[in-house]
Amino acid sequence: MNELTNRNYSDDEVSEQKQWQSEFPYHWDADELTSRRDLLQFAVYASGTLFLGTALLALLRRFLPVRETAAKEIARITEIPHDDAVYFHYPGPEDQAMLLRLESERFVAYSQTCTHLSCSVYYQKDQNRLFCPCHEGVFDTRTGEPVAGPPVRPLSRITLQANGDKLYAIGVEP
Ligand code: FES
């Protein structure tokens, strides 16, 4: 009622204000005020924490060694076509992967999981590209780097090893 003493209010105004206060019984004294400074401080700490977490993950990804898993035979080298992909599962039975023969003795293998929203990526031999149909993401066959569409990270690369006339998958690069 203090604010009501600064000027003379009519009876109608006073009763109108009392009615408003009774409908919305909000007491400033009982409220915990958050100052703009507190809010800004919280935003700075939260942003800093997110930045550090992201930087740490990026460093781990860059410097962690290739995750070695059990070697898995993909195919006989003589049976791998020059103009098509060989699809297989690696490292687990649910993990789709693909092998490409770029030149007679040059092979690359990638996870089929799109780095945008995890749809399956396929080799399109007529356009010599790796294509994700969900949002038309395109990856380079030689590097797995994204070249068009929404993906910004390269496909996970699978490390290969030849043994005799067979090609094996031996690990997944992080
Ligand atoms: S999920 Fe592959 S482009 Fe979106």
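Preceding block: the structure.
Just so you know, the residues in each chain are numbered from 1, in the order the chain's sequence is written. Only residues with pLDDT of at least 70 are given local features in this predicted model, and only at 80 or more are side-chain atom pairs given and counted; all residues enter the totals for whole chains, interfaces and linings.

A. Just the overall build of the protein, in detail. A helix here means a DSSP run of H or I that spans at least four residues, while a strand means a run of E at least two residues long, and both kinds are numbered starting from the N terminus. Secondary structure summary: the protein contains two helices and 10 strands in total. The buried share among the 174 residues of the protein stands at 15%. Our contact criterion uses C-beta atoms placed from the backbone: two residues qualify when those atoms are within 7 Å. Within the protein, residue pairs in contact and separated by at least 24 positions form 39% of the contacts whose partners lie at least 6 positions apart. Any residue with 12 or fewer other C-beta atoms within 10 Å of its own C-beta is exposed, any with 20 or more is buried, and the rest are partly exposed; the C-beta atoms used are placed from the backbone.

B. Local environment of the environment of L100. Among the structural elements, L100 can be located in strand β3 (residues 96-103). A tally of 23 C-beta atoms within 10 Å means that L100 is categorised as buried. Those residues within four positions of L100 in sequence are excluded, and the remaining contacts are A85, F107, V108, Y123 and T141.

C. Representation of the sheet that holds strand β7 (residues 137-139) in the model. Here a strand pair is declared whenever DSSP counts at least two bridges between the two strands. Pairing in this open sheet of four strands is antiparallel, and the strands run β5-β6-β7-β8 from one edge to the other. Whereas interior strands pair on both sides, the edge strands pair on one side only; in this sheet they are β5 (122-124) and β8 (146-148). Averaged over all pairs of adjacent strands, the angle between their axes in this sheet comes to 40 degrees, without regard to strand direction. In this structure, β7 lies alongside β8, joined through two bridges in antiparallel fashion. Interaxial angle, 0 to 180 degrees, is taken between N-to-C directions of lines fitted to C-alpha atoms, where a helix line uses only the stretch in contact.

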